[in-house]
Amino acid sequence: MKFFMLGAMIMAANIVCAATYTFESWPENGKHCEFSFDSAPTINWDGTSELPISFINVQSIFNDWIKVNLKPTQEAHPTSFDLATVAADGLDTSYWVFKVRFVVFKNGQPSAMFNRRVAIDMAGKVIEAQCGNELGGALPIRI
């Protein structure tokens, strides 16, 4: 019984430490997916001044991310770069992000996961989608 309680306390501590701030969720192939901030973004946009990060910078950040995250047999083609303001659960301020949609080909053919997306915050951080095992199921715990 002592080991059970200790294990439950450790698990609860890990869940609390892994708090995230979800700003978008959607179903994908029977799974629940979401975009979340790990913490409040450090840079935001006021909606009127010059953007802290340009569309050209976003394209470059996306291309660098693709080089690291896709296999050599895969290639990505962006289909949209959307500037959006998002309200994340648990944060008092709305934040601006670029939502990037892209398609992936493997050896010239559409890959099994053809349509994909990432978000990029105003500091240039790429935010990848996190998906659970089944629609309505829990997302993986991030530690």
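Refer to the structure above for everything that follows.
Throughout this document, residue positions are counted from 1 along each chain, in the order its sequence is written. It should be noted that, the model being predicted, local features are given only for residues of pLDDT at least 70 and side-chain atom pairs only at 80 or more, the latter also being counted only at that level, while totals for whole chains, interfaces and linings use all residues. The side-chain values count all of the structure's non-hydrogen atoms but skip hydrogen atoms and water molecules.

This part is about the pairing of strand E2 (residues 31-37). Counting buried residues along E2, 5 of its 7 residues qualify, which places the element largely inside the surrounding structure. Looking at chain direction, strand E1 (residues 21-28) and E2 are connected through 7 bridges and run antiparallel. Bridge pairing links glutamate 28 to lysine 31 in E2. Should DSSP find at least two bridges between two strands, the strands are regarded as paired. Every helix listed is a DSSP run of H or I at least four residues long, and every strand listed is a run of E at least two residues long, numbered separately from the N terminus. Between E1 and E2, which follow one another and run antiparallel, lie 2 residues, and asparagine 29 among them has a positive phi close to 50 degrees. With 2 bridges joining them, E2 and strand E7 (residues 130-131) adopt antiparallel strand pairing. Its bridge partner being in E7, cysteine 33 is matched across the sheet by cysteine 131. Relative accessibility decides the category of a residue: with a 1.4 Å probe and only protein chains considered, values under 20% of the type maximum give buried, values over 50% give exposed, and everything between is partly exposed.

In most cases, non-glycine residues show a negative phi, while peptide bonds are predominantly trans. The phi angle at asparagine 29 is positive, at roughly 50 degrees, despite the residue not being glycine. For asparagine 29, the position within the fold is in the loop between E1 and E2. Given the relative accessible area of 68%, asparagine 29 is considered exposed. Despite not being glycine, asparagine 107 has its phi angle at roughly 50 degrees, a positive value. In this structure, asparagine 107 sits in the loop between strand E4 (94-106) and strand E5 (109-121).

Any carboxyl oxygen of Asp or Glu that lies within 4 Å of a side-chain nitrogen of Lys or Arg is treated as forming a salt bridge with it. This structure, assessed with the given rule, holds 3 salt bridges. In this structure, aspartate 38 and lysine 125 form a salt bridge, with 3.5 Å as the shortest nitrogen-oxygen distance. Remark: lysine 125 occurs in the loop between E5 and strand E6 (126-128) and aspartate 38 occurs in the loop between E2 and helix H2 (55-69); sequence separation between them is 87 residues. For lysine 125, a relative accessible area of 41% corresponds to the partly exposed category. It is possible to trace a salt-bridge network through shared partners that takes in Glu24, Lys99 and Arg117.

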